[in-house]
Amino acid sequence: MPAPTWWLLALPLIAGACLPLQAGINGQLAKHISSVLAAGLISFAVGTLALLVVVLAQRELPGLGVLRGVSWWQWCGGFLGVFFIVTAAFAGPRIGALLFMVLVIAGQLGMAVLLDHFGWAGFREAPISLGKLTGLLLIVAGIWLIRRG
């Protein structure tokens, strides 16, 4: 496998491995400060500071003219991030890392099938197939098995 393809596969795998760790860290922060919302705010503040440093170092700060052309829905990614962070801090410690992450993965894959099928949010169109639906049903079966265990 060529090097760029290998990195394109490795990075999402590593990012995915970080999600349950992030949920646990934010859950512990929420417990320590007695606030899920404040934990989410702290998480986003630290992340924003880290991104600001990288953006400034790379000299990639967009100008106001460019930002004026951004569609309303393109601003919503941050809201979705807040929803995930707060949900992870709240639900993760209560249901456990494995069940939390398999539910997150099921939600991600369900949405991914819709995004690909309709070509929403800039994704290339790739119709829903029997194989994709079967895979999603197997994930639901996996959730059931994990919940029973």
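Computed from a predicted model, the values in this text were never measured in an experiment.

About the thresholds
- Residues numbered from 1 in each chain as written.
- Predicted model: local features only at pLDDT ≥ 70, side-chain atom pairs only at ≥ 80, totals over all residues.
- Heavy atoms only, no water.
- Core = buried A, V, L, I, M, F, W, Y, C linked by side-chain atoms within 4.5 Å.
- Buried < 20%, exposed > 50% of the residue type's maximum accessible area, 1.4 Å probe, protein only.
- Helix = DSSP H or I, 4+ residues; strand = E, 2+ residues; numbered from the N terminus.
- Phe/Tyr/Trp six-rings, centres within 6.5 Å; stacked < 30°, edge-to-face > 60°.
- pLDDT = per-residue confidence, 0-100.

Describe the nonpolar core, and please don't skip the residues or the numbers.
Leu19, Ala23, Ala88, Ala91, Phe100, Met101 and Val104 form the largest nonpolar core, which has seven residues in total. Those elements giving two or more residues to this core turn out to be helix H1 (3–33), helix H4 (77–95) and helix H5 (97–118). With three residues, H5 is the single largest residue contributor to this core.

Any chance you could break down the packing of aromatic side chains for me, citing the residues and the numbers?
The full count for this structure, using the stated rule, is three aromatic pairs. Judged by centre distance (6.1 Å) and plane angle (45 degrees), the rings of Phe84 and Phe100 are tilted. Placement of the pair is Phe84 in helix H4 and Phe100 in helix H5, with a sequence separation of 16 residues. Overall, Phe84 belongs to the partly exposed group, its relative accessible area being 21%. Measuring from centroid to centroid gives 4.7 Å for Phe118 and Trp120, while their planes differ by 15 degrees, and the two rings are stacked. Residue classification places Phe118 among the partly exposed residues on the basis of a relative accessible area of 41%. By relative accessible area, Trp120 is classed as partly exposed at 43%.

Which residues make up the confidence of the model for the chain, and what values do they have?
On average, residues of the chain carry a pLDDT of 93, and 97% of them reach 70 or more. H1 is the least confidently modelled element of the chain, averaging 89 in pLDDT, while helix H2 (residues 36–58) averages 97, the highest of any element.

Any details on the side chain of Ser43? Residues and values, ideally.
Residue position: Ser43 is located in helix H2. We classify Ser43 as buried; its relative accessible area is 19%.

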